[in-house]
Each structure stands twice: as C-alpha cells, then as structure tokens.
Amino acid sequence: MSKRQAYEAYRKERQDKRRPDRRMCSAMMLFFFSGFLLISLKNEIAWQGLALSIVVPALIYVATMWLPRFFPADKLLLSIANFLCALGVLILYSTDLDGGTSRGIQQAMYYGVGILVMLFCIMLVRYIRRWSFFIYVIMFGAALLLALPLAIGTEQNGATNWINIGGTSLQPSEIVKLALLLVLSYFMSRNRLLPWLLFALFSLGVLMLQKDLGTALIYYFTALFMYYAATGNLLMTGFGLVGAAGASVAGYMMFAHVKKRVAIWRNPWMYYETSGYQIVQMLMAIASGGLFGVGLGLGSPRVIPVYFTDCIFAVICEQFGIIFGVLVLVMYVIMILRGTSIATSARHSFHGLLALGATSMLGIQTFVIIGGVLKLIPLTGVTMPFVSYGGTSMVSCMGLIGLLQGVDSLNRDDLSYDYEISRSLQETADLPDADNR
Amino acid sequence: MKQLRFRFRALALIVIGLLTVAGVYGVYSVSTYGSRWFSNARNTRYQSAKRTVVQGDIIDRNGVVLATVDEEGNRVYQSNIKSRSAIVHLIGDNEGNVANGVDSFQANYLLGFETSLTERVTALLRGETRRGDNVTLTADSKLCTAIVDAFASGEVSRGKAGAAVVLNYQTGELLAMVSLPVFDPMNISETVTQNTQHPFWNRALQSTLPPGSTFKIITTAAALENLSDVESLIFTCTGATQVMDQLIRDYNNAQHGEITLARAFRVSCNNTFSQAALLMGDNALRKTAESFGFNDNFLFRDIVVENSVYPTSSRNDVEVAWSGVGQSQVAATPLHMCMVAAAIANDGVMMEPRLLSKVESPSGVVRLKYSQKIYRRALSAELAQKIDGYMKDVVERGTGTRAQVDGLTIAGKTGSAESAANGQNVTHAWFVGYIDDDAYPYACCVFVEEGSSGGSVAAPIAKTIFTYLKNNTK
C-alpha cells in the first residue's frame, strides 16, 4: 500500500466516524446520561437513577446503532422514536422522585420490551411471504383479543378496555392497532372491500361497546385515511367525514357526558372545582414553564391528574418550556415526513398502504392528545405516542415503528437490487446510453 | 402506485397541517394568556415558590414601600392600617382572596421566575437566598387613601360600596384604583368574610355595571357620527317617551320641552338620547360602543379587567332606546368608563392602562421599564373636541357643578344608573371626568353603589380627587 492509499483509507475512516447518525446517537446518549445523573444526584444519591443513566443510553445505542447492522433501516425515524421513548422514561423518573412511585423504572423495562416488539414487527414485514394465510390468523386472533374485555374486562375511567392475565393488565385495543393496519392494508391492496369493511366495523363496534371513544376515534380516522389512499374515492371519504361529524353531533345531543366535555373545553375555569380541574391544572403547568421551562425535576407535575399518561405533554412543557414542547411536535412531524417517504417509495401497494396507515395513525393520535392538552380540541383520553406511561401503549407505538422500518428495509433491499441489476447490465451489455453515473 | 403516492402526500400534508395548527395555537395561547393562567389564585406553584424565594418589594410612584417581607420572609404591608387597607385591592392580600392584585398577577417578577440562569447560579454560589424582583407601580398610594377618606366624608357615600379609578390620559398610567369597602389585609376577620357587600370583590375591575348616563358620551359620539345636522335638531322632551308599550322617563320625571343635543347632554335628558338611539339604530350605536372598547377582549399587560358588554343580539325598540342612556344590558367596569372619559380628553386616543412603572432585580438589573402604548383610537379628534365642550358645560352649569375646582377647567358627565338587585330597583351614582390641562392630564371615574345621584354624590368625590391632584402633583 502506498502512502497516498494509506492516507485515503485513514481519511475514509475518519469520515465514517463523523457520520451524522453516530453524532446524533452520541448527543442523545449524552443528553439522557446527564439528565438521569442530574435527577439522581438532586437529593441523596438515587441508585436506580444512576442505573438508568447507563441503561437508557445503552438501550438507545442498541436500538439506533447496533440493530441496524442486521438490516437496512431509516435511522432518523429510529432515532426520533427512541428519543421520545427515553424522554418518557426521564420525565416519569423525575416525577417519581418525590412521590414514591416507580413508573420510571417500569417504563424503562417497557422501553426494552418495545425494542423487542419493534424487532418482531420488522421480521414480520420482512420475512413473511405467505400473507394470504397469515392475514386470516391475525384477523381472527385480533378480533378475539379485542372482544375479550367484554367478557373478562375491568373498568378504568369509565371504559371497559382492560384485561388481567396472570397479574399483568393490558389493553387489547392498543395491540390490535397493529393488526388493524395489517388487515386493512392487505385487503385494500387486493381491492377486497368486504373483509376490511367487516373488520373495521367490527372493531369500531366493539370499541363503542367498551366506551373507549378516544381509541375508536383513532381507528375510524386511520381507516378513513387508508380508504382514501387506496381508492381515491373523494365522495365516499366525504361521506365518511360527514358521518363522523354527524355522529359527534348526535353524541353531543344524546350523551350528557359528551356535552359536559365540550362545555369544559370551552371554559374549563368555570368548572374548576369539578370536571374542569384537570385541564386548568394543565394550562397552569404549561404557563408556569414559560418559554424555557422551570427545569428538569422541578415544578409540581403531580398536581395534574393522570400527569403520567394523558397529560404528560403538559409536564414536558412545564419542565422544558413551550419551545421544547414545540420541538417535540416538530419531531412528530419529521416522523410523519419519513413515514410518508417510506410509503411513497414502497414497491407494493400493500407495503405502501401499511406504511401510510402507520404514519397517519401516529399523526392522528399525536394531534388528538396534544391538541387536547393545549385546549385546541376537547380532551379525550388517549396516550401520547412513545412518551406516555404504559406497556401496551409502548408496545403498539414501537410496533408501528417496526412496521415502518420493515417496509423501509424492503424498499432499501429493492433499491440495492435495482442497483446490482443496472451495474451488471452495464458490465455485460454494450448499452449505447449507459453512462457511468 | 403513482396515484397512491400523490394521495399519500396529500394525507401526510393534512396530518402535518393539523400538528402545525396545534403548535401555533399552543404558542399563541401561552403568549397571550400565559401570565393570566400562571397568576391564577388556584396555581399552587407560586404559593410553594414563596417558601424558597424571598418575595420582592412593591413600591409606589413616590417611593413608598407598599409591601415587603419581614425577617422570617412573611409578606408585610404598610404599618398604617388605613394606608394598607386603601390599596388592598390594588396589591392583593396574602391569602389570595382578592383576584389579580399586583402580588399575584406580577408573581413571576416578585417571585423571581424571570430571573436568568446566570443570576440564579451567582446567587447559589454566593450562598444567598433567592430574591424576587422589586416592582415599582405608577400608582400613588396617598391618593388612594384620600379617595377612601372622600367616600367616608360624603353623607350618602359613607359606608356604601363603590369604586374609583384615576388615570393619566396622556400616558395611560394608573394613578389610583380603589374598591370599597376596603379591609385590612393583615387581619381578615369574620366580619370581613361575612360582609354582604363582598369586600374581596374588586369593583373597579371586576364589576360590569350599567354605566347609565355616563354612556351618553358614547351615544353622543354615535349621534354626531351617524346623524347629519344632529346639532341643530330639536328634540321634544315631554318627560316620558312612549316606545312600544313602555315609557322612558327622565330622572325625577323632569320635563325639558324642546331641547337640543348639547343642552340635553348638559341636563342629562334621557328622552333625547333614547330618541337619538332609535333614530340611528342599534347597529350604529353598537359600532361606536365597540370603537370605545365594548365587546373587546381586554388583554392589558398589567391588569386584568372584565370585558364590557354592548349586546350583540337583535333587540326590540324599547331595549335600544334604553341602551342610548346606558341601560338594558349595557355594562362596563369603572376602569373602562374612566378610559372612555380619558379618550375624550386625549383627542380621541385611548391609551392602554398601565400599572408597572419599573421592575428591577435586587442586584440592579432593570427587567422592565414603563412604555406607553395606544390601546385604540375611539373617535376622531374633531368629535372628541366637540364632546369635550359638552362635558365642560356639564361641570360649568349642568348636572356636574359639584365637581368644580377653583383654577382648573374640569369636564365631566354624571350618571345615575338603575339596576335590579335582590328584586329591588336601586340607583347607582356615577361620575366620569377629567382636568383639561396639560400640567394635570388626569381623568377619573367615581362609582357609588346605591348612591342614587351622580351629580350630588359622585361628583363631590371627584372634586376631592381633582383637588388632591392639583395640590400634590407637579
């Protein structure tokens, strides 16, 4: 090797090390390391926090740098999803400290499980070829799982959507989200209207029976979005929108609690003593944070009811400020952009619809919860994707990312396959127009 | 797949659009309402901050310290019980009974939420307790005490509830704001909490009341704008105008006969102004009222004021006729009526009322300095000068003669507003007016609940205020 070649090799290595994904990963690891360190040294030394300051950055490294060695991946999407998951762990741990709860530790475990689920979903999309058989397995399994709470469910916050299996409780409607996407996109890509309509109506009906209105809303709009994407039928989509509007007006007229929700949304201060309490507390928390926040681990997040799930965005705004809150929104927007790009570069309409469904589900859910927290729309009890406390929510969100990454890895495989073909064509055939770009 | 791609992008745009709306709305609402949400009495955050941060002082325009902290870090007010009671609604009390006093509405300064990171770190390294910023007000606390005294010395106004506001109409500085009855913030007894006059209620900012004849300033402005030759028009006052099935009567059933608008303003003839209101119609009157700030969402930087109302629903002639004399669901706060008078004095320009003159950190960093801002132009300078002439007439030889002060040109308008309270009709006394003198550019509004007559009950209190201003300001 000549001197010059050695130098070139050295430079290439240096450039490799400076790759942006590496830098982003290091920045994230540093952010969470210092964040957990700060909280655990706040009062007396909290060993759990110190452990998390190592574990969470390690999980980030595994998920964003190590796993992509085994299949091509969209690292930006992956990094943002992991950042939000770790942010949830950080916020939950910071609120644990003076409350004696252990949600931070649990959320870190769920995060680990989430990474495994993501991996599983990537495998699913990547390696299953006989969908014509598997889709029915998924469909009937999901239908059964979804209907299970009606038989053995427990009631939480007015909705019967939880089941207890061997000491752990889980919310089937969250996990069935993944099945919904697979089933809808499979049948839509094959233009088989009846099966997907039946499945969608069945899921919506079951959710209505369970009074899980927030999730029903997300299911409905995801199905509607996918229907428009697959058929381009504006008329029917318009009917769908009008139907949704009609249903909400009817709901407003018929149910007293829907009326109350809307009244609270219009003026929460009037109902402070009773039902407006939550939203007033959220608004005051956001206002206390101001532009730059009161600081990590400070403020009083625990006065907000369900600060750890529905209202966690208010806690983020209080501790990090509204600017950071807007940046979190921007992260979701970037995820949606990446998801759309994955959907548009898919080769099969099944994969394209799957990626689009996952993307729109993510976007709709984010809008429903953040819009609710900021009092743009009435608050409905859905979780904030990746950040909210909860195992099932984490599983479904990481599963969504898994589906997206699966489609993306196939796209990238296809691209490199194309590249190989064009290369071999260039080498073998004497094509007149083949240039060497 | 190509068509699919187009639709994918369209759908993604919709979702991104929704999220953008959420973000923009969030930033907008926090920047507009954030300080109001934060300073809410229900916010436990600044209550708990009081334990770790030493509250800053509140100082009036003459350097009198209105509120400070003792060695243990507790809030203490002036030692003179009368002085600290007079400004209790301006400052607020430590238990949060009075809404949006300086002590709570400016908590972000007083409790050091605006302190920058470097300042906090410096304080930490020096081992100092964190101190909040000191707030200097535009208000004159002695004037507030004088106003409370003036209420007490009036035969009718003694013991009555009421409010008074004094503004500098050229700059918008709030010189005084008093709500009666007052109470001692350091000793809130059972007699205060049980008092049916509701001492905690800040009537100057929170009570929207029928402005009665003081609203004729706005009716006049609307008439001059909308009715040509209204100045030469002769109205007929028989003491009671029949509108549909109801009679619009004058105060004390006075009969003025044939009367011009100028004279009607001077003697406060209800019949004339009802007829004028019917002539120009509800919409014209509402438009002028809205240009004076009615139906606007008041978002002043330093004070929280209840919004004034001019009804927007379609109404019958009786209601429109009553609106012309400031009744029938027309409602405004004493502060807003003071701003109306101030706009006439300031050639039609309404200044934003401001209360903070300076905010300074203990180490001398100036965080905020007074800056004046135009709230809105209420009417043209030409019209303002015309109404200015009418208002001077009122004090010179009309219903407001008891507001006259030797050596000053005073302009004003009295009002006796009827209101139903506990099933009974009661009459509130109003006076709005100002000194027409560039050396004393002050406007005031006096409101006496159940004071019956604006001319004989509210105007003398305004006279005391004007006299004080003449003797005590440069």
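To keep things clear, this report deals only with the structure shown in the data block. (Residues numbered from 1 in each chain as written. Chains lettered and ligands numbered in written order. Predicted model: local features only at pLDDT ≥ 70, side-chain atom pairs only at ≥ 80, totals over all residues. Heavy atoms only, no water.)

Some thoughts on the interface of chain B and chain A
Across the boundary between the two partners, chain B contributes 28 residues, which contact 44 residues of chain A. Counting each side, the surface lost to burial between chain B and chain A is near 3,300 Å², with a carbon and sulfur contribution of 76%. Taken together, the links from chain B to chain A amount to 4 residue pairs in polar contact (both at pLDDT 80 or more). Within the residue set of the side of chain B that touches chain A, elements represented by two or more residues are helix H1 (2-38) and helix H2 (44-52) of chain B. The element contributing the most residues to the side of chain B that touches chain A is H1 of chain B, with 22 residues. Within the side of chain B that touches chain A, the residues separate by chemical class into 17 nonpolar, 6 polar and 5 charged. (Contact = heavy atoms within 4.5 Å. Buried area = accessible area lost by both parts, 1.4 Å probe. Polar contact = N/O pair within 3.5 Å; in protein donor to acceptor, adjacent residues only side chain to side chain. Helix = DSSP H or I, 4+ residues; strand = E, 2+ residues; numbered from the N terminus. Nonpolar A, V, L, I, M, F, W, Y, C, P; charged D, E, K, R; others polar.)

Focus on the pattern of salt bridges
Residues and elements named next belong to chain B. Evaluation of the coordinates by the stated rule reveals 25 salt bridges over all chains. We note a salt bridge from Asp57 to Arg131, for which the minimum N-O separation is 3.9 Å. Of the two residues, Asp57 sits in the loop between strand S1 (53-54) and strand S2 (58-59) while Arg131 sits in strand S5 (residues 130-131), which places them 74 residues apart along the sequence. Its relative accessible area of 15% is what places Asp57 among the buried residues. Shared partners join several salt bridges into a network, and the residues in it are Arg266, Asp393 and Arg397. (Salt bridge = Lys/Arg side-chain N within 4 Å of Asp/Glu carboxyl O. Buried < 20%, exposed > 50% of the residue type's maximum accessible area, 1.4 Å probe, protein only.)

Remarks on the packing of helix H7 (residues 172-189) of chain A against helix H9 (residues 213-231) of chain A
All names here are of chain A. Direction vectors running N to C along H7 and H9 enclose 15°, while the axes themselves pass 11 Å from each other. Here H7 lies roughly parallel to H9, going by the angle between them. Once H7 is placed against H9, the crossing between them reads as right-handed. On the side of H7, the interface is formed by Ser173, Val176, Lys177, Leu180, Leu181, Leu184, Ser185 and Met188, while H9 contributes Thr215, Tyr219, Thr222, Ala223, Met226, Tyr227 and Ala230. (Axes fitted to C-alpha atoms, helices over the stretch in contact; angles between N-to-C directions. Parallel < 35°, antiparallel > 145°, perpendicular 65-115°, else oblique. Left-handed = near helix turned anticlockwise from the far one by under 90°.)

Side note on a nonpolar patch on the surface
A grouping of Leu291, Phe292, Ile323, Leu327 and Val330 of chain A is seen on the molecular surface, where their side chains present a nonpolar patch of about 480 Å² in accessible area. Following the sequence through the fold, Leu291 of chain A ends up in the loop between helix H12 (277-289) and helix H13 (312-320). (Patch = residues over 30% accessible without salt bridge, like charges linked within 9 Å, V, L, I, M, F, W, Y side chains within 5 Å. Areas by Shrake-Rupley, 256 points an atom, 1.4 Å probe, with all protein chains shown as cover.)

Quick look at the packing of aromatic side chains
All names here are of chain A. Counted by the stated rule, this structure contains 27 aromatic pairs over all chains. Among the aromatic residues, those joined into a ring-pair cluster are Trp131, Tyr136, Tyr186, Phe187 and Phe350. Above the ring of Phe308, the side-chain terminus of Arg103 is found at 3.7 Å from the ring centroid. (Phe/Tyr/Trp six-rings, centres within 6.5 Å; stacked < 30°, edge-to-face > 60°. Lys NZ or Arg CZ within 6 Å of the ring centre and 35° of its normal.)

Brief notes about the pairing of strand S18 (residues 424-435) of chain B
All names here are of chain B. With 9 of its 12 residues buried, S18 lies for the most part within the structure. Two elements, S18 and strand S19 (residues 442-448), share 6 bridges in a ladder whose sense is antiparallel. Note that in S19 the partner of Trp430 across the bridge is Phe447. Two successive antiparallel strands, S18 and S19, enclose a turn made up of 6 residues. (Pairing = 2+ DSSP bridges.)

This is a description of form; function is not addressed.
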